[in-house]
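# Examining the three-dimensional arrangement
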Amino acid sequence: MVAILAKKVAEAKVSQSVVGRNNAEKKHGLMGMLANPYVFMTCLFASLGCMMYGYDQGVMGSILVMQNFEAHFPSLTGSTIQGWLVAALELGAWAGALLNGYLADRISRKYSMLVAVVIFTVGTGLQTGAQNPAMLFAGRVVGGIGIGMFSMVIPLYQAEIAPPELRGSLVSLQQLSITIGTCIAFWLDYGMHFVGGSDCKPAGVANGAMDSDGTFLPYAAHGHTCLGEKTLSWRLPLALQLIPAWILFFGMFFLPFSPRWLMMKHRDDDCIASLSKLRRLAPEDPLLRAEYLEIKAAVMFDEETEAEYNAENKFGAWRALFGGSMLKRLGIGCWIMIFQQFTGINAVLYYAPQIFATFGFTDVTTQLLATGVTGVLQIIFTLPAVLFLDNFGRKSFLIAGAAGMCICHVIVAAIDGSFEDSWPTHTSAGWASIAFIWLFAVNFAYSWGPVAWVLTQEIFPNSMRSRGVSIVASTNWMFNFVIGLTTRDMLGSMKYGTYIFFAAFCAGGGLFVWLLVPETKNKTLEELDVYFGGDNSSIAAADRARMQRIEESLGLAGVQNLEDLKREKGLGSEEHEENVGN
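Residues numbered from 1 in each chain as written. Predicted model: local features only at pLDDT ≥ 70, side-chain atom pairs only at ≥ 80, totals over all residues. Heavy atoms only, no water.

## Observations regarding the overall build of the chain
Helix and strand content of the chain: 28 helices and zero strands. Expressed as a percentage of the 582 residues in the chain, the buried residues total 59%. In the chain, of all internal contacts separated by at least 6 residues, the share reaching a separation of at least 24 is 83%. (Helix = DSSP H or I, 4+ residues; strand = E, 2+ residues; numbered from the N terminus. Buried < 20%, exposed > 50% of the residue type's maximum accessible area, 1.4 Å probe, protein only. Contact = heavy atoms within 4.5 Å.)

Spelled out as structure tokens, the structure:
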């Protein structure tokens, strides 16, 4: 089994697409993006939606430890209810990711982002103006729907407009934006924590609602005006995320549609115009024509196949996701996202202040400061993926990151287990634990953060991509929900065993990638269909005959170089429509 997989991966290293072979020799990473400024800036701008995703991930954990917030919502101070509050966003995001699979195909990748902004705005408004826990929970769920839609469609859009030699770097921009959003949230919370003072100091309450050991008593402060820390300290951070949301909303009107979506809608001229703008090539350029024809061939193939499925059953296209090579793709995508969540990264991002408190650091200011450093490190170490992912490949980054994270978890567990009952006298051990949490975040930032999203955009064919990615993204959010809900209780009951748990999944994820995941570097999205069907000689006879007929009708059959491309004006559209109709 392993030998067969290794053989297939080796065969897949050389691109079978004329576009893939031609572009593989072009510049990668930063130089490649600078050589393609329009597509680079388009992907970068679209990543604003992911900045909101990251911001929302980082903002709530720090707000939960602010005394003014606790005084407003004393019923939300328990570990279980805080788990539900944090996880409410993930539950909404799970629904949003599923919903957007249909919407992105129906109204376009571009316009579905605009819908997501509107939904996100409603949720953010409810959170910012919350007067009771019910409003806060509702805002988290509604805002989460918008976030889930962003997480599904933005990397999909980036993957579909990117040339194959830059796809990894350009899709990685969404993870860079997530880390920037998280970092901004961490440091904004840290700064706003001092607005009016870092303590609530409720009016008319003795000792500032502090008990004898200096612990804040939220129920004692509830209903009293805080003379110290202001309400603005947590309402403003929640409201500010609307700024990038509406910049994205108005800016998206000026960005191109996905060429692959335009082809799915049979808008051939618009597809060519969009490709021409994105690639900075004339419409008659042989390389642009080759890419256009390869996209068209893949769409024609997928439509004919989908028509056969739908002729048997109304939901035949959805059912096709769960059979044959599609089930293999879906399984890889879903398991990648499960392993990503169980690395423990969102346990750190959601509950960093609370995690640092378990290492003996009870001062809120110290907790927030250490949390802010986590955000900065994530930004810095996401850059290697953006710059070098298309040079070294997806698998190398994922395996190296999994090994690094596993080691960090094991060390933190060893330190925590040794000193959990004596932190006050072992402050240096506490800082060592924080350092390895930071190092864990570094290993995630260059590997499983960006690469998981890149890989899962690449493994589905055109007609199934939106549906497949929506299921994969919703899987991510469902297990994200599990992490958000259970981490506080895991830390309380399992203690250092929590890190052993995450270490085991990091090791399992690395092994899974090594044995079962294909390398997708330098492949066009269309030619990956060949890999998942086997190779050119092992694809099912009917599928092989269909693709051969389509390629012949488009002048692609036997094309090895750009010079071989037949410059036929008739692209076989009438034959294609007849086949789909039958």
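## Quick look at the state of the cysteines
Overall, the coordinates contain one disulfide when judged by the stated rule. Between the sulfur of Cys 200 and that of Cys 226 lies a disulfide, 2.0 Å long from S to S. Measuring handedness by torsion sign, the sulfur bridge of Cys 200 and Cys 226 sits at about -80° and is left-handed. You can see Cys 200 sitting in the loop between helix 10 (167-192) and helix 11 (218-221) and its partner Cys 226 sitting in the loop between helix 11 and helix 12 (232-239), a full 26 residues away along the chain. With relative accessibility at 0%, the residue Cys 200 sits in the buried group. (Disulfide = S-S within 2.5 Å.)

## Details of the environment of Arg 465
Examined against the element boundaries, Arg 465 turns out to sit in helix 24 (residues 462-493). Exposure remark for Arg 465: the relative accessible area of 0% places this residue in the buried category. Separated by 144 residues in sequence, Arg 465 and Leu 321 have C-alpha atoms that sit 9.9 Å apart.

## A look at unusual backbone geometry
Its identity is not glycine, yet Lys 201 carries a phi of approximately 50°, on the positive side. Structurally, the position occupied by Lys 201 is in the loop between helix 10 and helix 11. Looking at Lys 201, the relative accessible area reads 49%, which means it is partly exposed. Of note, Asn 207 is a non-glycine position whose phi angle comes to about 60°, a positive value.

## Some points on the pattern of salt bridges
Summed over all chains, the structure comprises 10 salt bridges. A salt bridge links Glu 291 to Arg 279, with the shortest nitrogen-to-oxygen separation between them at 2.9 Å. Residue Glu 291 is located in helix 16 (residues 286-312), and its partner Arg 279 is located in helix 15 (residues 268-279); the two are separated by 12 residues in the primary sequence. Like Glu 291, the residue Arg 279 is buried in the burial classification. Connected through salt bridges with shared partners, the residues Arg 167, Asp 390, Arg 394 and Glu 458 form a single ionic network. (Salt bridge = Lys/Arg side-chain N within 4 Å of Asp/Glu carboxyl O.)

## Remarks on the nonpolar core
Core analysis: the biggest nonpolar cluster contains 123 residues, and Phe 69, Phe 150, Leu 170, Ile 336, Phe 356, Phe 359 and Trp 448 have the highest contact counts within it. Here the element with the most residues in this core is helix 9 (residues 133-161); it accounts for 11 residues. Leaving out residues up to four positions away in the same chain, Leu 170 has contacts with Met 33, Val 39, Phe 40, Cys 43, Gln 158, Ala 162 and Pro 163. (Core = buried A, V, L, I, M, F, W, Y, C linked by side-chain atoms within 4.5 Å.)

## Observations concerning helix 13 (residues 242-251)
Those residues of helix 13 not exposed but buried are Pro 244, Ala 245, Leu 248, Phe 249 and Gly 251. Buried residues along helix 13 sit against helix 4 (37-46), helix 5 (48-63), helix 8 (109-128) and helix 9.

## Focus on the environment of His 266
As for its position among the elements, His 266 is in the loop between helix 14 (259-264) and helix 15. Distance in space between the C-alpha atoms of His 266 and Met 300 is 9.8 Å, their sequence separation being 34 residues. A polar contact of 3.1 Å, which involves the side chain of His 266, links it to the side chain of Glu 303. (Polar contact = N/O pair within 3.5 Å; in protein donor to acceptor, adjacent residues only side chain to side chain.)

## Focus on the packing of aromatic side chains
Considering all chains together, one arrives at 25 aromatic pairs under this definition. On the basis of an interplanar angle of 85° and a centroid distance of 5.3 Å, the ring pair of Phe 69 and Trp 234 is categorised as edge-to-face. Taken together, the residues span a long stretch of sequence, with Phe 69 in helix 6 (residues 67-72) and Trp 234 in helix 12 at a distance of 165 residues. Exposure class is identical for Phe 69 and Trp 234. Each is buried. Three or more aromatic residues joined by ring pairs form one cluster here, namely Trp 335, Phe 339, Phe 342, Phe 479, Phe 501, Phe 502, Phe 505 and Phe 512. Lying over the aromatic face of Phe 257, Lys 110 brings its terminal NZ or CZ to 4.5 Å of the ring centre. One cation-aromatic arrangement involves Arg 267 over Phe 257; the distance from NZ or CZ to the ring centre is 5.4 Å. (Phe/Tyr/Trp six-rings, centres within 6.5 Å; stacked < 30°, edge-to-face > 60°. Lys NZ or Arg CZ within 6 Å of the ring centre and 35° of its normal.)

## Focus on the packing of helix 21 (residues 394-419) against helix 23 (residues 448-458)
Direction vectors running N to C along helix 21 and helix 23 enclose 145°, while the axes themselves pass 10 Å from each other. In the packing of helix 21 onto helix 23, the handedness of the crossing is left-handed. Touching Arg 394, Phe 397, Leu 398, Gly 401, Ala 402 and Met 405 of helix 21 are Trp 448, Val 451, Ala 452, Val 454, Leu 455 and Glu 458, all from helix 23. Class assignment of the residues belonging to the contact of helix 21 with helix 23 gives a composition of nine nonpolar, one polar and two charged. (Axes fitted to C-alpha atoms, helices over the stretch in contact; angles between N-to-C directions. Left-handed = near helix turned anticlockwise from the far one by under 90°. Nonpolar A, V, L, I, M, F, W, Y, C, P; charged D, E, K, R; others polar.)

These values are about where atoms sit, not about what they do.
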